[in-house]
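# Structural overview
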There are 4 protein chains.
Amino acid sequence: MVTRLTDSAVYAHLWSTPALGTVFEEHARWQTWLDILVALARVQARAGIVPQRSAEIVAEYARVERLDMDLVAEQTRRTSHSTLGLIRGLRAVLPEQAREHVYVGATVQDLSDTWFGLVMREVGAQVWTDLRALEASVLELARRHRDTVMAGRTHAQPGAPVTFGFKAATWADELRRHLDRMREGRPRWVVGQLAGAVGALAFHDHDLDPLELRRAFCAELGLGDPGVSWLTSRDRIAEFGGVLAGICATLARIGGEVVELQRPEIAELTEPTSPSAVGSITMPHKRNPEAGEHLDTLARLARSSAGVLLEGMVALHERDGRGWKAEWVALPEVCLLTGTALATARTLVEGLEVHPEAMRANLERHGDRMASERILGALSARIGKHAAQELLHEVLAPSVSAGTTRDLAADLATRGVATADEVREWIGRPPVRAAGAMVDAVLARAAAARATETTEWT
Amino acid sequence: MVTRLTDSAVYAHLWSTPALGTVFEEHARWQTWLDILVALARVQARAGIVPQRSAEIVAEYARVERLDMDLVAEQTRRTSHSTLGLIRGLRAVLPEQAREHVYVGATVQDLSDTWFGLVMREVGAQVWTDLRALEASVLELARRHRDTVMAGRTHAQPGAPVTFGFKAATWADELRRHLDRMREGRPRWVVGQLAGAVGALAFHDHDLDPLELRRAFCAELGLGDPGVSWLTSRDRIAEFGGVLAGICATLARIGGEVVELQRPEIAELTEPTSPSAVGSITMPHKRNPEAGEHLDTLARLARSSAGVLLEGMVALHERDGRGWKAEWVALPEVCLLTGTALATARTLVEGLEVHPEAMRANLERHGDRMASERILGALSARIGKHAAQELLHEVLAPSVSAGTTRDLAADLATRGVATADEVREWIGRPPVRAAGAMVDAVLARAAAARATETTEWT
Amino acid sequence: MVTRLTDSAVYAHLWSTPALGTVFEEHARWQTWLDILVALARVQARAGIVPQRSAEIVAEYARVERLDMDLVAEQTRRTSHSTLGLIRGLRAVLPEQAREHVYVGATVQDLSDTWFGLVMREVGAQVWTDLRALEASVLELARRHRDTVMAGRTHAQPGAPVTFGFKAATWADELRRHLDRMREGRPRWVVGQLAGAVGALAFHDHDLDPLELRRAFCAELGLGDPGVSWLTSRDRIAEFGGVLAGICATLARIGGEVVELQRPEIAELTEPTSPSAVGSITMPHKRNPEAGEHLDTLARLARSSAGVLLEGMVALHERDGRGWKAEWVALPEVCLLTGTALATARTLVEGLEVHPEAMRANLERHGDRMASERILGALSARIGKHAAQELLHEVLAPSVSAGTTRDLAADLATRGVATADEVREWIGRPPVRAAGAMVDAVLARAAAARATETTEWT
Amino acid sequence: MVTRLTDSAVYAHLWSTPALGTVFEEHARWQTWLDILVALARVQARAGIVPQRSAEIVAEYARVERLDMDLVAEQTRRTSHSTLGLIRGLRAVLPEQAREHVYVGATVQDLSDTWFGLVMREVGAQVWTDLRALEASVLELARRHRDTVMAGRTHAQPGAPVTFGFKAATWADELRRHLDRMREGRPRWVVGQLAGAVGALAFHDHDLDPLELRRAFCAELGLGDPGVSWLTSRDRIAEFGGVLAGICATLARIGGEVVELQRPEIAELTEPTSPSAVGSITMPHKRNPEAGEHLDTLARLARSSAGVLLEGMVALHERDGRGWKAEWVALPEVCLLTGTALATARTLVEGLEVHPEAMRANLERHGDRMASERILGALSARIGKHAAQELLHEVLAPSVSAGTTRDLAADLATRGVATADEVREWIGRPPVRAAGAMVDAVLARAAAARATETTEWT
């Protein structure tokens, strides 16, 4: 039953991607859960807890397409238990000899937390790949537009020149830090859980070393061993969600920049579109910054789900259903939103249309005022910084009110602090030398990092 | 494609109800959207904008089962437009004569905001009914246990006696305030939207009074007229979400009380369960307060979605896709969570097992200390309030540390402030007279309100 | 010790107002707390619990300037008790005969929740007054600019015309709904608390009717009687915070509009400023939309504090220090932020500079395309709505890409669907008739409400 | 003007610590800001931008005690500028020859973001020290109570045995991960800002390499160089806040455990208290888990402020006052709350009273049922896991309903699956062998980490 609009076949492309579907789509998720049960049976067979043949049978039969999911659903409701429906559904299709040999000693979180570990591994890998691809596109923007001068804007007011490459470099710098976070956090996140009833693993505590069993179980699935049960230590989950929400926020920052600079009154950037896209039905001329806006939407929702995960850290005793059930909703959600945001951002950045001529025109429209920082610099050396500042404030304030552009060189010459030619020379100085140097620094650092790191998330 | 666990057939019962399904389930939602298009065609026919016969045809064909939803989905993706896929899907099945007469002059939010109005009407009605039913159960608890004495607890420490009826009365009091909020907010929420491109309704502005058309459109659907376009005035949505999240919080408070008082060490309350329920696989003796916990889970998620709606109020210009797309996710979500929470709470409260004997035993276990407030009251009248307080603090502190129960009457007699018999008389005074009176007051107020208000939400 | 930047003498004007200071400033708050103790002594004197003369003495001595606040602080830390320090400080200055007659039977929340009731009354009154004053200014903007045509913008793209008056009317409409919420919520918020240890009022339960005492206590302070103790029923607080955060969100919406429309590239609105204001030190020409931005800042923080209050509703047993201590921070905070936001918004709106000529110029810059909704309306009547839409999309799409303005009349004439003169007539139709009618409707509704309601919050 | 209760001299100890005061207290903050100006003058002197003598003079005069803070405040309000008041206040006391040589080329965020870098360095260092000290105490608890058997509780229901040392080990494990996060994040956080008007450093761009100046400026203050201006790259701030809020959440988890286990009905843990503490005025026998509760309060507020910082990442263009002003409030707040929480938690854990006898008694009170996981393990090996589970469920369910304790050994013997002696042997097996091994693992890992890492945060 699809009650969430995010799952609607018509709108799902806004809230998920095919790659994310391989992790979260109902069928795929059930299969992953069954794979976890298979891994458990296998390591238990090796440890002599269940017969080797049973583990083989389980591996053969634990296929979601074999299960009667109606039965699974019915038994889940009937038992009010999160996994017993699945177990009964699986046992119903297993040959009798193996029926006792599934889910031995395990509990819900052994299954669902281990799934979380796998989710973080798979989604983390997608995020890593997409982040690096996006970084590459953004770096290319930075390189190409290293010297594309445009108005820097503070408080939404044009202030002094920057370059578009510099702007892109600050995006790249932020993305690179996210890559660092992803790399550093991985060992904390990509772990399994085998905790038993209360974390003490008592079920298996007589016959063998249960910690060894856990290590083998985690290794079988390609996960790290957690060292100690983490049934109510939810910082791993909260941290992962927080990093993802941070990534979404960066993408929303990029998107917001496009939304604003795509205003026709500014027209410095344009989102890619397709010929079949319709911006507005009643206003057929509209071309909307949909991707830019959507990145903000996704970031809001991701932030909200990450908040739920952070709250979930305050868990009680040895198991606390309140936070853990909320994680069932919020962790996949933040993954789905982030993966979608990355795909959206990649399309946006890869196809971004940059209009250097509009950037230059906008800058020039504001006239000499945009050189005020440079003039202030030069004038400060001559009459002192604060004197220069007050003088410029005095000279420029009326022009702001009047909305007109003054001949600053003439004005300042009148004041006797410099000749008009001097002022014009100051205005003519290259305004963004340092901006270019910062672009170079970002490019160099990213190149060095990209040269040494793996393309896979490890 | 089901990617959200909340939509999984196996777990959907934790995140929705059949009644909510009639509003939000994919098929039902599409039909409601089509019904809105039908209503628009009808009032436009009456206004002479489209032929009467076309409106009839639209009403006949605008059935979700007639539509090719794959086409709708494909066209939605192709046009990157939220409703054009649906319109094309509908036009594809319409006889040619009516094809031009659907969605005339309307835009996305005319459809989706009007749907929001209907959602708030339908969900609001369910909430009203469930809130009143829950209130009735809680009032019945308050009445039945008006004099069931138990330990009042502050900071999780038993302090002085209350009655369970008093506790329930504070729940009822809170629920009643939610009913007041629901009643007061309804005119703000249950409205339609017909705004056109930018809210100015210019499409229809030549031939007729577009405001009259809007009134008729809203009336056709049983919705109020909004007075002015509210494309970026999202306070209605945010308020509705906030009230619902508040309701969830109250239910989580009730749930939390049950979780704690169901601890076997306290054992004053027990959740209803069913014979087929399994608390724990590895600990077959467990009986978990699942409903109580789940109410907290639902409240967390509802609070989170309500926060998204509040943030969405800060919208830009005449339409802002950032907040509105987030509402598409968050408004249904908070509705689904709240409806589920109410159903969960009703089951919990209706079947709640109350153990008066355990309540009394727990109270007595703490001995005369639980009468400290009464003794303080009586002693204050004799030696002054602060002197009495310091004396009692002195007498009782050691017993707390020692974990023992002292003979307070003897102790105080030793101090010469009262005879042991006097102290025993104070201890013996009925401790909860005022609590009972407050129960009566709550019952009376609720009875008066329930006698005059409608059972339907109006 | 000032550790919060919001309390810094240098920045306090950004985070509070003089009027709010009369409620929250340290000295004022202590005096209000003492006043509550005085009120308690008075009603207890009337009820015969303490001597009449003692109540008079308490009233005389319970002045914050008499207290040794160092002693209060020291005793607060020493006892780890929230109010005992204050009580000891007060008793230290009281003549001996009255020393036993303060804070009789009361507990922390009796003091702090009653203070909350007074806070909500005082802040609510300020909010009511400021909201109404702001509404008046916004209504005046709506009236004055009823027909000031400007570009309506959707997704930050100019779409079709609106009027600035219409835009202001949607603000006014939203403010009016906040006034409705303030009026409706008042009886729930402006109440006192007298609950005793666990809400059952046992302290006073022997000698008199404690509910009568509570009624008298509340009445003495001009507060409503709560009916039942609300020690852990925190919906009142959460609702008040939510309404205030909603008000801030509306103000942030107004502020955001100004920030964006003050961009020099748009230049349709300008914030008021003062001659002594300095936009930027290094860019002396800058004139920043500070108030507009700050409204967004305040709204974010208010939303955050309101979230804490909503979370606080999930309280445990008869008293729960976790949420209540958080309220001590979050409720005043949301009040301070909202009061500051209202003052900021009033200044912003009252001095707002509107530039009708820029609005018209921006509209005309986009040429006939801005009439697309009207042309679509007219053309739909002739060739069908969807045919018209597809034709317009075809005609206009190239112009969007090319960034040029086409002669739409000529283009459409070429297609043979209308003569150029017909199209020009459509383009020439008054575009905002309905917008004006909506302005009128909002003005009329507000006028009616303002004529009947009180200027004081009651 | 103190309007925030957190700044009240009476309550400040709940919301700050003396160590935090050295960073955030008004006087200290202003001095740090002045120190940043001194550092700027020094490196500018070295670069030949200002005279060496001026830098010396600035260093001598830039003392907060020399400044007229009323003037600073007045000028701040007058100019509506965040730092100009301070600069004017400083210039007013400077000898004329140095007056032009302060704040040359800098802007607000150069000052305030550099202060943020220093704040993160100082607070980070305090957090590091406190986290390690707390970890040491928690490890000591884990070691001492490695074998102190107690009931593990899931869903607030006693389930199977754990040890208190195991519980503490999961706390230590979580704290250790926070230490890892603190170490990894430091290079991202402890950086300065020198960006100029729009991040391009144009002020200094003519005479020298401004990036070299920035490196020198950061180095002068012991901060890292950011590589590129980060005026709207706020991920550093958001990440720091998120890590701190996560730490608070862990402490709240510890606190919550104490609150619940201090219930007299459970009585397994007791918070330290002092003889002068007063739990309740009206209930003198109360001993409240104040620290435990307060940790939850602090975590809520910290989470809320961290959310503001995360939202602030979505910043616009080259400077965005909306998020940055919110950071001014939220970053110090989360620091103050976390530092206070750590101090509170240290006191709580260091003085925590553990009651092994109560732990054992509670476990025994639940009888053989607490061995169900072990019996299930043993029985599974004999009759199959699911058969065992169903059998135990059948046997134990009635006893749960009845609230009685059955003789499990006899019951199971009756069923013929094992002899009573066998069952008794299973029940008698050491239940927490693996728990002890996990404690050892946590201790070993922490010891290894502590042996190699620095006691200072580097």
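Reading the values: the criteria
Residues numbered from 1 in each chain as written. Chains lettered and ligands numbered in written order. Predicted model: local features only at pLDDT ≥ 70, side-chain atom pairs only at ≥ 80, totals over all residues. Heavy atoms only, no water. Contact = heavy atoms within 4.5 Å. Buried area = accessible area lost by both parts, 1.4 Å probe. Salt bridge = Lys/Arg side-chain N within 4 Å of Asp/Glu carboxyl O. Polar contact = N/O pair within 3.5 Å; in protein donor to acceptor, adjacent residues only side chain to side chain. Helix = DSSP H or I, 4+ residues; strand = E, 2+ residues; numbered from the N terminus. Least-squares fit on C-alpha atoms with pLDDT ≥ 70 in both. Buried < 20%, exposed > 50% of the residue type's maximum accessible area, 1.4 Å probe, protein only. Arc of directions from axis to C-beta. Domains from an automatic or database assignment. Nonpolar A, V, L, I, M, F, W, Y, C, P; charged D, E, K, R; others polar.

Next up on the list: the interface of chain A and chain D. Contact residues are listed per partner, giving 102 residues for chain A and 102 residues for chain D. Between chain A and chain D the total buried area reaches about 8000 Å² when both faces are included, carbon and sulfur atoms providing 57% of it. Across the chain A-chain D interface, the total number found is 14 salt bridges. Salt-bridge contacts for Arg181 of chain D lead to Glu239 of chain A; the nearest nitrogen and oxygen are separated by 3.0 Å. Here chain A is connected to chain D by 40 residue pairs in polar contact (both at pLDDT 80 or more). The dominant element in the side of chain A that touches chain D, judged by the number of residues it contributes, is helix α9 (residues 235-261) of chain A, at 13 residues.

Mapping chain C onto chain A calls for a rotation angle of 180° and an axial translation of 0.0 Å; the resulting RMSD is 0.1 Å. The transformation just described matches what one would write down for a two-fold rotation axis. Considering only C-alpha atoms, the part of chain C nearest the rotation axis is Glu265 of chain C, at 2.9 Å. With an isologous cut-off of 70% or more, the 100% of interface residues of chain C that recur at the interface of chain A puts this contact in the isologous class.

The subject of this paragraph is the relation of the copies chain A and chain D. With an axial shift of 0.0 Å and an RMSD of 0.0 Å, the rotation relating chain A to chain D amounts to 180°. Both copies present the same face, since 100% of the interface residues in chain A are matched by interface residues at the equivalent positions in chain D.

All names here are of chain B. Of all the residues in helix α3 (residues 52-61), the buried ones are Ser54, Ala55, Ile57 and Val58. Along the axis of α3, the buried residues cluster in a sector spanning 160°; they form a single face. On its buried side, α3 packs onto α2 (26-46).

Let us now look at the pattern of salt bridges. Counted under the stated rule, the structure contains 192 salt bridges over all chains. Salt-bridge contacts for Asp173 of chain C lead to Arg177 of chain C; the nearest nitrogen and oxygen are separated by 2.5 Å. Of this pair, Asp173 of chain C and Arg177 of chain C both sit in helix α7 (residues 164-189), four residues apart, roughly one helical turn. Note on accessibility: Asp173 of chain C and Arg177 of chain C belong to one class, buried. For Arg234 of chain C, the salt bridge is made with Glu327 of chain C, and the minimal N-O distance between the two is 2.7 Å. Linking Arg234 of chain C in the loop between α8 (210-220) and α9 (235-261) with Glu327 of chain C in helix α11 (residues 321-350), this pair joins segments that are 93 residues apart in sequence. Of the two residues, Arg234 of chain C and Glu327 of chain C, both sit in the buried class. Because the salt bridges share partners, they merge into one network encompassing Asp173, Arg177, Arg181, Glu184 and Arg445 of chain A together with Arg188, Asp235, Arg236 and Glu239 of chain D.

A few words on the domain arrangement of chain A. Residue and element names in this part refer to chain A. On domain assignment, one finds that chain A holds domain 1 (5-101) and domain 2 (108-362). A straight line from the C-alpha centre of domain 1 to that of domain 2 covers 28 Å. Listed per partner, the contact involves 28 residues of domain 1 and 31 residues of domain 2. At the junction of domain 1 with domain 2, the criterion picks out two salt bridges. A salt bridge links Arg46 to Glu220; the shortest N-O distance between them is 2.5 Å. Linking domain 1 to domain 2 there are five residue pairs in polar contact (both at pLDDT 80 or more). For the side of domain 1 that touches domain 2, the elements supplying multiple residues, two or more each, are α1 (18-24) and α2 (26-46).

Tallying the contact residues gives 42 residues for chain C and 42 residues for chain A. In total, about 3900 Å² of surface goes out of reach between chain C and chain A, with carbon and sulfur atoms giving 57% of it. When the buried area of chain C at its contact with chain A is split by residue, Glu265, Pro284 and His285 of chain C rank highest and sum to 18% of it. Counting across the interface, chain C meets chain A through four salt bridges. Across the pair Glu265 of chain C and Arg153 of chain A runs a salt bridge, and its minimum N-O distance is 2.8 Å. The interface formed by chain C and chain A contains nine residue pairs in polar contact (both at pLDDT 80 or more). Only β1 (149-154), β2 (157-163), α9, α10 (290-312), α13 (372-383) and α14 (385-402) of chain C provide two or more residues apiece to the side of chain C that touches chain A. Ranked by residues supplied to the side of chain C that touches chain A, first place goes to α14 of chain C with seven residues. Looking at side-chain class alone, the side of chain C that touches chain A contains 17 nonpolar, 13 polar and 12 charged residues.

All right, on to the environment of Ala341 of chain A then. Residue and element names in this part refer to chain A. The residue Ala341 is located in helix α11 (residues 321-350) in this model. When its relative accessible area of 1% is taken as the criterion, Ala341 is described as buried. A sequence separation of 324 residues divides Ala341 from Thr17, and the C-alpha atoms of the two residues are 9.6 Å apart. Residues within four places of Ala341 in sequence aside, it is in contact with Cys248, Leu251, Leu295 and Leu298.

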